Amino acid sequence: RPIATSELQRKMVRTRASANEAQDAASPPTKGDLIKRAGGAGQTSSSKEGSDPVTKARVTSGGGRESSVAALMVVMLPFVCLAAELIQSTEYGKFGVNASPSLAVSPRLGWWLMELPVTMTFMYTFYVVGGPQSRDPVPRFLAGIMCMHYAYRGWIFPYLIRVAPGSSNNFSLLPAVGGSLVTVTHGYLNAKWYATAGTHLRGARWFRDVRFKVGLTVYLSGFIALVYHDYLLRELRATPGPRYRIPHGGVFDYVTSAGYLCELWTWMGFALMSWGPNGCFIFAVSLANLVPRAAASHMWYLEQFGDEYAELNRTRLIPFVW
């Protein structure tokens, strides 16, 4: 009897299964069935593509080439900038007075052209292309710092420049256009570090890290000092007089290139705050550009103003040291 009962149950199960299959074949699939089937097919296709070694090789190769180019720029450009500045001071400001008239533009236009690529590159790469952490609080905060900095340096600062009446254009297009290699690399590195590569920036934990706190303090103090010393230089032309005069006030009472010192202090804090190759790159480029320029500026003031400037006992860049 138990055997007969078991066989009878199996027959009933097979009969029901056959009836269900026939009913499914006869009735059209529902919307839910179609979605399930499409999802299953997509997952199967995706899994096959993801496991395809050719596809993996292509993706890896593309990302590898991009990273290699970025790494080459990070290593090469500081040395290129240093060599160029040692050979001849970049032709803008007081060193651009003798620039070729066919290549010279107004300082307002020159500064805007030189800083525009970093703004556009960063905003496109971070906000449009984005990355897995571009919406996290720390990357968005650092992106805001970047945008604030270049809103001032690339837009507000050029607009506020006071050009001496009747003076010739003194900003060569060569640094404005040639410097785009540096500015594009700078914008790209920061966007990629914030949105993708700087994994320690995920979430909000980095806000509590001592490197972020110290870096932010150093950066903000340097940025405020930079804006203030730019103001002191502009005020030299608030009244009619010679095109170039001796600046006074702030750190100018101790060093010739107070603005350069503030800028280096700013980028040092920026590097600490983000803790990555993006900050190291712009700090290294700034050192390569501004340290030789500070030495040349000191000599320029001594030649221009003679004993009047020498008696001030100012150092080149670092108070009481150099």
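Rules used throughout
- Residues numbered from 1 in each chain as written.
- Predicted model: local features only at pLDDT ≥ 70, side-chain atom pairs only at ≥ 80, totals over all residues.
- Heavy atoms only, no water.
- Helix = DSSP H or I, 4+ residues; strand = E, 2+ residues; numbered from the N terminus.
- Expected span 1.5 Å × (residues − 1).
- Bend = angle between axes of the 7 residues up to and from the residue.
- Buried < 20%, exposed > 50% of the residue type's maximum accessible area, 1.4 Å probe, protein only.
- Contact = heavy atoms within 4.5 Å.
- Axes fitted to C-alpha atoms, helices over the stretch in contact; angles between N-to-C directions.
- Parallel < 35°, antiparallel > 145°, perpendicular 65-115°, else oblique.
- Left-handed = near helix turned anticlockwise from the far one by under 90°.
- Nonpolar A, V, L, I, M, F, W, Y, C, P; charged D, E, K, R; others polar.
- Salt bridge = Lys/Arg side-chain N within 4 Å of Asp/Glu carboxyl O.

Turning next to helix H4 (residues 107-129). Taking 1.5 Å of rise per residue, the 23 residues of H4 would be expected to cover 33 Å, and the 32 Å separating its terminal C-alpha atoms lies within 8% of that figure. In the structure, H4 departs most strongly from a straight axis at glutamate 115, where the bend amounts to approximately 35° and where the proline proline 117 lies between one and four residues downstream. Regarding H4, the residues found buried are Pro107, Gly110, Trp111, Met114, Glu115, Pro117, Val118, Thr119, Thr121, Phe122, Thr125 and Phe126. Buried residues belonging to H4 abut strand S1 (104-105), helix H5 (137-160), strand S2 (171-172), helix H6 (173-178) and helix H7 (180-197). Glycine 130 sits one or two positions beyond H4 and adopts a positive phi of about 70°.

Another aspect to go through is the packing of H5 against helix H9 (residues 258-274). Orientation of H5 relative to H9, taken along the N-to-C sense of each, is 165°, at an axis distance of 11 Å. By the angle class used here, H5 and H9 are roughly antiparallel. In the packing of H5 onto H9, the handedness of the crossing is left-handed. Along the contact surface, H5 presents Leu142, Ile145, Met146, His149, Tyr150 and Arg153, while H9 presents Glu263, Thr266, Trp267, Phe270, Met273 and Ser274.

Running from N to C, H4 and H7 point in directions that differ by 25°, and their axes come no closer than 8 Å. For the element pair H4 / H7, the angle class is roughly parallel. For the element pair H4 and H7, the recorded crossing hand is right-handed. Contact residues: H4 offers Met114, Glu115, Pro117, Val118, Thr121, Phe122, Thr125 and Phe126, while H7 offers Ser180, Thr183, Val184, His186, Gly187, Tyr188, Asn190, Ala191, Lys192, Tyr194 and Ala195. Its residues assigned to classes, the contact of H4 with H7 comprises 10 nonpolar, seven polar and two charged.

Considering all chains together, one arrives at five salt bridges under this definition. Note that arginine 153 is salt-bridged to glutamate 263, the shortest N-O span being 4.0 Å. Of the two residues, arginine 153 sits in helix H5 while glutamate 263 sits in helix H9, which places them 110 residues apart along the sequence. Overall, arginine 153 belongs to the buried group, its relative accessible area being 6%.

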